[in-house]
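# Coordinate inspection notes
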Amino acid sequence: MNEVHVLDATCGPKMFWFNDRDPRAVFVDVRREEHELKDRSTKGGVRRITISPDILADFRSMPFPNDRFSLVVFDPPHLKRAGPKSFMAKKYGKLKPDWESTISKGFQECFRVLRPGGTLILKWSEVQIPVSKVVRLSPIAPLFGQRCGKSAKTHWIVFIKPEDEESAFDFRGARGI
């Protein structure tokens, strides 16, 4: 049996995975649910959303030992405003008013389970919250990132957990953040 080295801490419907059952990864989410929503853009007018993690857990408190994974993917909910029955809320989840504390705790927990020298990839859509506010919640400086999507609002940002605490640096004045 292969050892699992990758954690998707907030898998949702696993949209960006080439194989949503990839044996190299463990998929975690706080919810397990299915939805059929009206969608005029799809054949048949219905879109199915399935959230089926391997493990039900909150990304702020995951059931893994310290330094467990080589790679952690962190794609938390990014919406503050969305109707409870909306397609976006069902697909991506919704942040509560204390979103800064939630995301900060999520970063801390993701770095806790990440091995020293390991990589964390943050995916963030800044439709409602600028990415600059989000990366400031991380205890570790981002290394680099890329914007994508039709309106360039989605960011993929890479972090590397230092081998030791002395390797970390304050990034709050860094270019582009």
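Here we summarise the structure given alongside this text.

Each value, and the rule that gives it
- Residues numbered from 1 in each chain as written.
- Predicted model: local features only at pLDDT ≥ 70, side-chain atom pairs only at ≥ 80, totals over all residues.
- Heavy atoms only, no water.
- Helix = DSSP H or I, 4+ residues; strand = E, 2+ residues; numbered from the N terminus.
- Contact = heavy atoms within 4.5 Å.
- Phe/Tyr/Trp six-rings, centres within 6.5 Å; stacked < 30°, edge-to-face > 60°.
- Buried < 20%, exposed > 50% of the residue type's maximum accessible area, 1.4 Å probe, protein only.
- Core = buried A, V, L, I, M, F, W, Y, C linked by side-chain atoms within 4.5 Å.

## With respect to the environment of alanine 89
Turning to its location among the elements, alanine 89 is positioned in helix α1 (residues 87-92). When the C-alpha positions of alanine 89 and leucine 79 are compared, they lie 7.6 Å apart, and in sequence the two are 10 residues distant. Apart from the residues within four sequence positions on either side, alanine 89 is in contact with Arg31, Leu79, Ala82 and Gly83.

## A closer look at the packing of aromatic side chains
Centre-to-centre distance and the angle between the planes together describe a pair of aromatic rings. Scanning the entire structure with this criterion turns up nine aromatic pairs. Between phenylalanine 107 and phenylalanine 111, the ring centres sit 6.3 Å apart and the planes meet at 15 degrees, which makes this aromatic pair stacked. Placement of both phenylalanine 107 and phenylalanine 111 in helix α2 (residues 99-113) is noted, with a separation of four residues, approximately one turn of the helix. What makes phenylalanine 107 buried here is its relative accessible area of 0%.

## What about the nonpolar core?
Leu7, Val72, Phe107, Leu120 and Leu122 are the most contacted members of the largest nonpolar core, which totals 31 residues. Elements represented by at least two residues in this core include exactly β2 (25-29), β6 (69-74), α2, β7 (114-125), α3 (131-135) and β9 (154-160). Among the elements that take part in this core, α2 stands out by supplying six residues, more than any other. Excluding residues within four positions of it along the chain, valine 72 makes contact with Leu7, Ala9, Cys110, Val113, Leu114, Thr119, Leu120 and Ile121. Membership of the second largest hydrophobic core comes to five residues, among which are Val6, Trp17, Ala25 and Phe27.

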